[in-house]
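# Working through the structure, step by step
Spelled out from the first residue to the last, the chains are:
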Amino acid sequence: MTTIGGVLHDPETGRSRRSEGRLESGALVVQADGGERRASFDALEITTGGWQAQAVHLGWRDAEGRAWALSVEDPAARAALAAALPPALAAKVAASHAAERKVRRSGRLAIALVSAFFAFPLVLIALLFAFREPLLDWVVARLPPAVDAQIGQLTAEQVKASGKLIEKGPAVDAVQAIGARLLAHAPAHPHEFRFAVMEDPSLNAFAAPGGFVVVHTGLIAAADGPDEVAGVLGHEIAHVLRRHSLRQMAFELGLTAAIQLAVGSPDGAVAILAGAAQQLSGLSFSREQESEADRLGFDLLQAAKLPGEGLPRFFDRLAREGGNAIPAFLSSHPQSEERREALAAELRRRGQWPTEPLALDWEAVRASVRK
Ligand SMILES: [Zn+2]
(Lines give C-alpha, C1' and ligand atoms only; values in the text may rest on other atoms or scores of the structure.)
Protein backbone atom coordinates (compact mmCIF):
# COMPACT_ATOMS: atom_id res chain seq x y z
CA MET A 1 0.00 0.00 0.00
CA THR A 2 1.27 3.41 -0.94
CA THR A 3 0.46 6.45 1.21
CA ILE A 4 0.70 9.88 -0.30
CA GLY A 5 0.91 13.03 1.75
CA GLY A 6 -0.63 16.18 0.34
CA VAL A 7 -3.08 19.00 0.85
CA LEU A 8 -6.71 18.03 0.63
CA HIS A 9 -9.23 20.57 -0.69
CA ASP A 10 -12.34 19.41 1.08
CA PRO A 11 -15.64 20.77 -0.35
CA GLU A 12 -17.58 19.47 2.66
CA THR A 13 -15.77 21.77 5.07
CA GLY A 14 -14.62 24.32 2.50
CA ARG A 15 -11.11 24.06 3.94
CA SER A 16 -7.76 22.80 2.79
CA ARG A 17 -5.66 20.80 5.16
CA ARG A 18 -2.85 18.33 5.17
CA SER A 19 -4.06 14.85 4.63
CA GLU A 20 -2.89 11.36 3.86
CA GLY A 21 -4.11 9.49 0.83
CA ARG A 22 -3.48 5.95 -0.22
CA LEU A 23 -3.92 4.04 -3.44
CA GLU A 24 -5.99 0.97 -2.89
CA SER A 25 -7.69 -1.40 -5.29
CA GLY A 26 -8.15 1.01 -8.19
CA ALA A 27 -9.04 4.00 -6.07
CA LEU A 28 -7.53 6.93 -4.19
CA VAL A 29 -8.65 6.95 -0.61
CA VAL A 30 -8.20 10.14 1.38
CA GLN A 31 -8.69 11.00 5.01
CA ALA A 32 -11.18 13.90 5.17
CA ASP A 33 -12.77 15.52 8.24
CA GLY A 34 -15.96 13.62 7.55
CA GLY A 35 -14.15 10.31 7.24
CA GLU A 36 -12.54 8.47 4.37
CA ARG A 37 -13.45 9.50 0.85
CA ARG A 38 -12.80 7.36 -2.20
CA ALA A 39 -12.21 8.30 -5.79
CA SER A 40 -11.80 5.61 -8.38
CA PHE A 41 -8.88 5.97 -10.77
CA ASP A 42 -11.42 6.40 -13.61
CA ALA A 43 -12.77 9.53 -11.91
CA LEU A 44 -9.36 11.07 -11.25
CA GLU A 45 -8.34 14.17 -13.16
CA ILE A 46 -4.61 14.77 -12.99
CA THR A 47 -3.35 18.31 -13.53
CA THR A 48 -0.24 20.27 -12.80
CA GLY A 49 -0.25 23.19 -10.38
CA GLY A 50 1.83 25.32 -8.08
CA TRP A 51 3.73 28.45 -9.08
CA GLN A 52 6.61 26.41 -10.45
CA ALA A 53 4.40 23.52 -11.61
CA GLN A 54 5.78 21.65 -8.66
CA ALA A 55 2.44 20.12 -7.57
CA VAL A 56 0.28 17.34 -8.96
CA HIS A 57 -3.42 17.86 -8.40
CA LEU A 58 -5.50 14.71 -8.14
CA GLY A 59 -9.05 15.98 -8.64
CA TRP A 60 -12.40 14.28 -8.71
CA ARG A 61 -16.11 14.95 -8.21
CA ASP A 62 -18.17 13.14 -5.63
CA ALA A 63 -21.73 11.86 -6.05
CA GLU A 64 -23.06 15.34 -5.27
CA GLY A 65 -20.83 16.86 -7.96
CA ARG A 66 -18.52 18.59 -5.48
CA ALA A 67 -14.92 19.04 -6.54
CA TRP A 68 -12.28 17.39 -4.39
CA ALA A 69 -8.57 17.60 -4.86
CA LEU A 70 -5.44 16.28 -3.27
CA SER A 71 -2.38 18.37 -4.12
CA VAL A 72 0.87 16.49 -3.85
CA GLU A 73 4.12 18.42 -3.85
CA ASP A 74 6.58 16.09 -2.21
CA PRO A 75 8.79 14.58 -4.95
CA ALA A 76 8.92 11.17 -3.18
CA ALA A 77 5.13 11.08 -2.92
CA ARG A 78 4.82 12.00 -6.58
CA ALA A 79 7.26 9.27 -7.55
CA ALA A 80 5.21 6.81 -5.48
CA LEU A 81 2.06 8.00 -7.27
CA ALA A 82 3.62 7.50 -10.67
CA ALA A 83 4.65 4.00 -9.68
CA ALA A 84 1.30 2.97 -8.27
CA LEU A 85 -1.15 4.56 -10.71
CA PRO A 86 -2.25 2.83 -13.89
CA PRO A 87 0.00 3.73 -16.84
CA ALA A 88 -2.35 6.34 -18.39
CA LEU A 89 -2.52 8.29 -15.13
CA ALA A 90 1.15 7.71 -14.33
CA ALA A 91 2.01 9.30 -17.68
CA LYS A 92 0.13 12.45 -16.60
CA VAL A 93 2.10 12.59 -13.35
CA ALA A 94 5.29 12.21 -15.35
CA ALA A 95 4.12 14.96 -17.73
CA SER A 96 3.53 17.27 -14.79
CA HIS A 97 7.04 16.51 -13.62
CA ALA A 98 8.42 17.47 -17.04
CA ALA A 99 6.34 20.66 -16.91
CA GLU A 100 7.90 21.48 -13.58
CA ARG A 101 11.42 21.01 -14.90
CA LYS A 102 10.63 23.32 -17.80
CA VAL A 103 9.17 25.95 -15.50
CA ARG A 104 12.14 25.67 -13.20
CA ARG A 105 14.48 26.11 -16.14
CA SER A 106 12.69 29.23 -17.31
CA GLY A 107 12.57 30.32 -13.70
CA ARG A 108 16.32 30.05 -13.49
CA LEU A 109 16.58 31.97 -16.74
CA ALA A 110 14.28 34.66 -15.33
CA ILE A 111 16.33 34.86 -12.17
CA ALA A 112 19.48 35.14 -14.25
CA LEU A 113 17.90 37.92 -16.31
CA VAL A 114 16.68 39.77 -13.23
CA SER A 115 20.11 39.40 -11.62
CA ALA A 116 21.74 40.64 -14.80
CA PHE A 117 19.36 43.60 -14.77
CA PHE A 118 20.47 44.51 -11.27
CA ALA A 119 24.11 43.66 -11.88
CA PHE A 120 24.24 45.66 -15.13
CA PRO A 121 24.45 49.10 -13.49
CA LEU A 122 27.36 47.77 -11.43
CA VAL A 123 29.03 46.40 -14.53
CA LEU A 124 28.33 49.68 -16.27
CA ILE A 125 29.78 51.65 -13.37
CA ALA A 126 32.86 49.42 -13.35
CA LEU A 127 33.27 49.93 -17.10
CA LEU A 128 32.71 53.67 -16.79
CA PHE A 129 35.31 53.80 -14.06
CA ALA A 130 37.83 51.81 -16.08
CA PHE A 131 37.28 53.94 -19.17
CA ARG A 132 36.62 57.30 -17.52
CA GLU A 133 39.60 59.04 -19.10
CA PRO A 134 38.77 58.23 -22.75
CA LEU A 135 35.10 58.73 -21.88
CA LEU A 136 35.74 62.25 -20.60
CA ASP A 137 37.82 62.96 -23.71
CA TRP A 138 34.87 61.78 -25.78
CA VAL A 139 32.41 63.94 -23.80
CA VAL A 140 34.56 67.05 -24.22
CA ALA A 141 35.19 66.35 -27.90
CA ARG A 142 31.45 66.21 -28.48
CA LEU A 143 30.82 69.63 -26.94
CA PRO A 144 30.99 72.44 -29.51
CA PRO A 145 33.26 75.45 -28.72
CA ALA A 146 30.06 77.50 -28.23
CA VAL A 147 29.71 75.69 -24.90
CA ASP A 148 33.17 76.92 -23.81
CA ALA A 149 32.24 80.43 -24.90
CA GLN A 150 28.99 80.44 -22.96
CA ILE A 151 30.58 79.10 -19.78
CA GLY A 152 33.31 81.74 -20.17
CA GLN A 153 30.63 84.39 -20.59
CA LEU A 154 28.90 83.24 -17.39
CA THR A 155 32.21 83.47 -15.54
CA ALA A 156 32.89 86.93 -16.96
CA GLU A 157 29.47 88.07 -15.74
CA GLN A 158 30.17 86.67 -12.27
CA VAL A 159 33.54 88.42 -12.07
CA LYS A 160 31.97 91.66 -13.23
CA ALA A 161 29.13 91.30 -10.74
CA SER A 162 31.67 90.89 -7.92
CA GLY A 163 32.64 94.54 -8.49
CA LYS A 164 36.33 93.55 -8.41
CA LEU A 165 36.97 93.63 -12.14
CA ILE A 166 39.51 96.30 -13.05
CA GLU A 167 38.44 97.66 -16.41
CA LYS A 168 41.41 99.82 -17.35
CA GLY A 169 44.84 100.99 -16.28
CA PRO A 170 48.46 99.89 -16.63
CA ALA A 171 47.84 96.38 -15.17
CA VAL A 172 45.01 95.65 -17.61
CA ASP A 173 47.09 96.99 -20.53
CA ALA A 174 50.07 94.89 -19.48
CA VAL A 175 48.11 91.66 -19.08
CA GLN A 176 46.38 92.21 -22.41
CA ALA A 177 49.67 92.95 -24.15
CA ILE A 178 51.26 89.78 -22.73
CA GLY A 179 48.19 87.73 -23.67
CA ALA A 180 48.12 89.13 -27.22
CA ARG A 181 51.82 88.37 -27.66
CA LEU A 182 51.36 84.77 -26.53
CA LEU A 183 48.32 84.22 -28.74
CA ALA A 184 49.82 85.76 -31.86
CA HIS A 185 51.64 82.51 -32.66
CA ALA A 186 49.39 80.02 -30.86
CA PRO A 187 48.08 77.02 -32.76
CA ALA A 188 44.71 77.53 -34.44
CA HIS A 189 41.79 77.48 -31.99
CA PRO A 190 38.11 78.43 -31.94
CA HIS A 191 38.25 80.56 -28.78
CA GLU A 192 37.98 84.28 -28.24
CA PHE A 193 40.46 85.12 -25.52
CA ARG A 194 39.95 88.03 -23.16
CA PHE A 195 42.38 89.02 -20.43
CA ALA A 196 41.21 90.74 -17.30
CA VAL A 197 42.58 91.86 -13.96
CA MET A 198 40.70 91.32 -10.73
CA GLU A 199 41.17 93.13 -7.45
CA ASP A 200 42.27 90.31 -5.18
CA PRO A 201 45.37 90.11 -2.96
CA SER A 202 45.83 86.35 -3.46
CA LEU A 203 48.55 85.21 -5.86
CA ASN A 204 46.24 83.63 -8.36
CA ALA A 205 45.22 83.47 -11.97
CA PHE A 206 42.57 81.38 -13.62
CA ALA A 207 41.07 80.83 -17.03
CA ALA A 208 37.46 80.05 -17.80
CA PRO A 209 36.54 77.83 -20.75
CA GLY A 210 36.41 79.83 -23.95
CA GLY A 211 39.34 82.04 -23.00
CA PHE A 212 38.31 84.43 -20.24
CA VAL A 213 41.63 84.70 -18.38
CA VAL A 214 41.75 86.50 -15.05
CA VAL A 215 44.90 87.61 -13.20
CA HIS A 216 44.65 88.74 -9.58
CA THR A 217 46.29 92.01 -8.60
CA GLY A 218 48.14 90.05 -5.90
CA LEU A 219 49.96 88.03 -8.55
CA ILE A 220 50.92 91.10 -10.55
CA ALA A 221 52.21 92.84 -7.42
CA ALA A 222 54.30 89.79 -6.54
CA ALA A 223 55.81 89.31 -10.02
CA ASP A 224 59.28 90.70 -10.58
CA GLY A 225 58.71 91.32 -14.24
CA PRO A 226 56.39 90.65 -17.19
CA ASP A 227 58.19 87.36 -17.97
CA GLU A 228 56.84 85.83 -14.79
CA VAL A 229 53.27 86.87 -15.63
CA ALA A 230 53.85 85.64 -19.18
CA GLY A 231 54.79 82.24 -17.78
CA VAL A 232 51.58 82.08 -15.75
CA LEU A 233 49.47 83.29 -18.69
CA GLY A 234 51.03 80.78 -21.08
CA HIS A 235 50.08 78.05 -18.64
CA GLU A 236 46.50 79.35 -18.27
CA ILE A 237 46.06 79.76 -22.04
CA ALA A 238 47.20 76.16 -22.40
CA HIS A 239 44.45 75.04 -20.00
CA VAL A 240 41.91 76.81 -22.22
CA LEU A 241 43.28 75.39 -25.48
CA ARG A 242 43.24 71.88 -24.02
CA ARG A 243 39.75 72.52 -22.55
CA HIS A 244 40.92 71.29 -19.15
CA SER A 245 38.30 73.23 -17.17
CA LEU A 246 35.47 71.84 -19.23
CA ARG A 247 36.85 68.36 -18.74
CA GLN A 248 37.18 68.82 -14.99
CA MET A 249 33.66 70.22 -14.78
CA ALA A 250 32.36 67.18 -16.62
CA PHE A 251 34.46 64.98 -14.31
CA GLU A 252 33.11 66.61 -11.16
CA LEU A 253 29.54 66.34 -12.39
CA GLY A 254 29.95 62.59 -12.39
CA LEU A 255 30.08 60.35 -15.39
CA THR A 256 26.35 59.90 -15.82
CA ALA A 257 25.79 63.63 -16.06
CA ALA A 258 28.88 63.89 -18.23
CA ILE A 259 27.39 61.43 -20.69
CA GLN A 260 24.16 63.44 -20.66
CA LEU A 261 26.32 66.39 -21.65
CA ALA A 262 27.71 64.50 -24.58
CA VAL A 263 24.41 63.24 -25.91
CA GLY A 264 22.31 66.32 -25.13
CA SER A 265 22.00 69.68 -26.85
CA PRO A 266 24.71 72.35 -26.42
CA ASP A 267 22.21 74.56 -24.56
CA GLY A 268 21.47 71.70 -22.20
CA ALA A 269 25.19 71.23 -21.68
CA VAL A 270 25.60 74.89 -20.75
CA ALA A 271 22.73 74.59 -18.27
CA ILE A 272 24.31 71.52 -16.68
CA LEU A 273 27.78 73.08 -16.58
CA ALA A 274 26.64 76.49 -15.34
CA GLY A 275 26.49 75.14 -11.80
CA ALA A 276 29.97 73.69 -12.04
CA ALA A 277 31.21 76.99 -13.48
CA GLN A 278 30.39 78.71 -10.17
CA GLN A 279 33.27 76.82 -8.57
CA LEU A 280 35.65 77.54 -11.42
CA SER A 281 38.40 79.09 -9.31
CA GLY A 282 38.25 76.11 -6.97
CA LEU A 283 38.54 73.60 -9.79
CA SER A 284 41.62 71.47 -9.41
CA PHE A 285 43.38 69.91 -12.35
CA SER A 286 45.05 66.56 -12.51
CA ARG A 287 48.83 66.33 -12.46
CA GLU A 288 48.75 65.24 -16.09
CA GLN A 289 46.73 68.32 -17.02
CA GLU A 290 49.16 70.56 -15.14
CA SER A 291 52.20 69.07 -16.85
CA GLU A 292 50.46 69.31 -20.19
CA ALA A 293 49.65 72.98 -19.53
CA ASP A 294 53.27 73.60 -18.52
CA ARG A 295 54.61 72.01 -21.70
CA LEU A 296 52.15 73.79 -23.98
CA GLY A 297 52.78 77.00 -22.02
CA PHE A 298 56.47 76.73 -22.90
CA ASP A 299 55.53 76.14 -26.56
CA LEU A 300 53.55 79.37 -26.50
CA LEU A 301 56.37 81.31 -24.83
CA GLN A 302 58.89 79.95 -27.32
CA ALA A 303 56.68 80.78 -30.33
CA ALA A 304 56.09 84.28 -28.93
CA LYS A 305 59.83 84.76 -28.34
CA LEU A 306 59.29 85.28 -24.65
CA PRO A 307 61.73 83.82 -22.11
CA GLY A 308 60.70 80.56 -20.49
CA GLU A 309 62.47 81.21 -17.19
CA GLY A 310 59.71 83.44 -15.83
CA LEU A 311 57.42 80.71 -14.56
CA PRO A 312 60.01 78.59 -12.71
CA ARG A 313 61.61 81.77 -11.37
CA PHE A 314 58.22 82.90 -10.07
CA PHE A 315 57.80 79.53 -8.37
CA ASP A 316 61.28 79.65 -6.87
CA ARG A 317 60.86 83.13 -5.52
CA LEU A 318 57.46 82.33 -4.07
CA ALA A 319 58.85 79.23 -2.41
CA ARG A 320 61.72 81.29 -0.99
CA GLU A 321 59.82 84.39 0.01
CA GLY A 322 56.31 83.12 0.35
CA GLY A 323 56.93 81.03 3.46
CA ASN A 324 53.65 79.40 4.33
CA ALA A 325 51.65 81.63 2.03
CA ILE A 326 51.50 79.20 -0.85
CA PRO A 327 49.66 80.94 -3.66
CA ALA A 328 46.40 79.50 -4.90
CA PHE A 329 47.99 79.05 -8.31
CA LEU A 330 50.35 76.55 -6.73
CA SER A 331 48.12 75.10 -4.05
CA SER A 332 46.19 73.07 -6.59
CA HIS A 333 49.46 71.28 -7.31
CA PRO A 334 50.37 69.22 -4.29
CA GLN A 335 53.60 68.16 -6.01
CA SER A 336 54.76 71.73 -6.58
CA GLU A 337 58.36 70.82 -5.67
CA GLU A 338 58.26 68.03 -8.21
CA ARG A 339 56.63 70.35 -10.69
CA ARG A 340 59.31 73.01 -10.27
CA GLU A 341 61.93 70.42 -11.03
CA ALA A 342 59.97 69.20 -14.04
CA LEU A 343 59.73 72.80 -15.31
CA ALA A 344 63.47 73.29 -14.95
CA ALA A 345 64.18 69.99 -16.69
CA GLU A 346 61.84 70.88 -19.55
CA LEU A 347 63.63 74.23 -19.98
CA ARG A 348 67.04 72.55 -20.02
CA ARG A 349 65.77 70.08 -22.62
CA ARG A 350 64.58 72.90 -24.87
CA GLY A 351 67.71 74.99 -24.47
CA GLN A 352 67.85 78.72 -25.10
CA TRP A 353 65.54 80.23 -27.70
CA PRO A 354 65.65 83.71 -29.22
CA THR A 355 63.65 86.26 -27.24
CA GLU A 356 62.27 89.73 -27.81
CA PRO A 357 61.53 91.48 -24.53
CA LEU A 358 58.12 92.97 -23.81
CA ALA A 359 58.21 96.75 -23.79
CA LEU A 360 56.42 97.33 -20.50
CA ASP A 361 57.15 99.68 -17.62
CA TRP A 362 56.80 96.98 -15.01
CA GLU A 363 57.38 99.27 -12.05
CA ALA A 364 54.46 101.43 -13.16
CA VAL A 365 52.33 98.32 -13.61
CA ARG A 366 53.13 97.07 -10.11
CA ALA A 367 52.64 100.48 -8.59
CA SER A 368 49.15 100.65 -10.11
CA VAL A 369 48.03 97.53 -8.27
CA ARG A 370 49.84 98.15 -4.98
CA LYS A 371 47.69 99.41 -2.18
ZN1 LIG B 1 47.29 74.93 -13.95
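Check the entry above for the structure.
Before going into details, it helps to say that this report is about the structure given with it. Remember, it's a predicted structure, so these values are computed and weren't measured experimentally. Along each chain, residues carry numbers from 1 onward, in the same order as the chain's sequence is written. Thresholds applied to this predicted model are a pLDDT of at least 70 for local features of residues and 80 or more for the giving and counting of side-chain atom pairs; totals over whole chains, interfaces and linings are not thresholded and use all residues. Values reported for side chains reflect all heavy atoms of the structure, with hydrogen atoms and water molecules removed beforehand.

In this section: the packing of aromatic side chains. Pairing of aromatic side chains requires ring centres within 6.5 Å, counting the rings of Phe and Tyr and the six-membered ring of Trp. Pairs whose planes differ by under 30 degrees are stacked, by over 60 edge-to-face, and all others tilted. Inspection of the entire model under this criterion finds 2 aromatic pairs. Ring geometry for Trp60 and Trp68: centres 5.9 Å apart, planes at 10°, overall stacked. Seen from their ring centres, Phe193 and Phe195 are 6.1 Å apart, and the 15° between their planes marks the pair as stacked. With respect to burial, Phe193 and Phe195 carry one shared label: buried. Using a 1.4 Å probe on the protein chains alone, a residue whose accessible area is under 20% of its type maximum counts as buried, one over 50% counts as exposed, and one in between counts as partly exposed.

So, about the nonpolar core. Here, nonpolar core means buried Ala, Val, Leu, Ile, Met, Phe, Trp, Tyr and Cys residues that are tied together by side-chain atoms lying within 4.5 Å of each other. Counting 46 residues, the largest nonpolar core has Leu182, Phe193, Phe195, Ile220, Leu233, Ile237 and Phe314 as the members making the most contacts within it. Secondary structure counts use DSSP, requiring at least four H or I residues in a row for a helix and at least two E residues in a row for a strand, with both numbered from the N terminus. Broken down by element, this core gets its largest block of residues, 8 residues, from helix H7 (residues 226–241). Contacts are assigned to residue pairs with any non-hydrogen atoms lying within 4.5 Å of each other. Leaving out residues up to four positions away in the same chain, Phe195 has contacts with Val175, Gln176, Gly179, Ala180, Leu183, Val213, Leu233 and Ile237.

When a carboxyl oxygen of Asp or Glu lies within 4 Å of a side-chain nitrogen of Lys or Arg, that pair is called a salt bridge. Tallied over the full model, the rule gives 21 salt bridges. A salt bridge links Asp62 to Arg66; the shortest N-O distance between them is 2.9 Å. Residue Asp62 is classed as buried on the basis of its relative accessible area of 17%. Given the relative accessible area of 29%, Arg66 is considered partly exposed. Measuring nitrogen to oxygen at the nearest pair gives 3.0 Å for the salt bridge that ties Arg66 to Glu64. Where salt bridges share partners, they join Glu12, Arg37, Asp62, Glu64 and Arg66 into one cluster.

Once that is clear, we can look at the packing of helix H5 (residues 170–184) against H7. The interhelical angle for the contact between H5 and H7, taken along N-to-C directions, is 55°, at an axis separation of 10 Å. What the angle tells us is that H5 and H7 run oblique. Remark: the crossing between H5 and H7 carries right-handed chirality. Here Val175, Ile178, Gly179, Leu182 and Leu183 of H5 lie close against H7, whose contacting residues are Pro226, Val229, Ala230, Leu233, Gly234 and Ile237. Geometry is summarised by axes, namely lines fitted to C-alpha atoms with helices restricted to the contacting stretch, and by angles between N-to-C directions that run from 0 to 180 degrees. Note on angle classes: values under 35 degrees are labelled roughly parallel, values over 145 roughly antiparallel, values of 65 to 115 roughly perpendicular, and the remainder oblique. When the near helix sits turned anticlockwise from the far one by under a right angle, the crossing is termed left-handed; a clockwise turn instead gives a right-handed crossing.

Before going further, it helps to examine the coordination of the zinc ion. Here the term donor refers to an N, O or S atom within 2.8 Å of the metal (or 3.2 Å for Na, K and Ca), and because water is left out of the atoms, sites may appear incomplete. The coordination sphere of the zinc ion contains the protein donors His235 (NE2), His239 (NE2), Glu290 (OE) and Glu290 (OE), at a distance range of 2.1 to 2.8 Å. Tetrahedral means four donors with every angle between 85 and 135 degrees, whereas square planar (four donors) and octahedral (six donors) require angles over 155 degrees between opposite donors and between 65 and 115 for all others; sites fitting neither are termed irregular. One way to put it: the 4 donor atoms around the zinc ion meet at angles of 51 to 133°, and that makes the site irregular. Read in sequence order, the donor residues coordinating the zinc ion give the pattern H-x3-H-x50-E. Remark: Glu290 occurs in helix H11 (residues 287–303) and His235 occurs in helix H7; sequence separation between them is 55 residues. Given a relative accessible area of 1%, His235 falls into the buried group. With relative accessibility at 4%, the residue Glu290 sits in the buried group.

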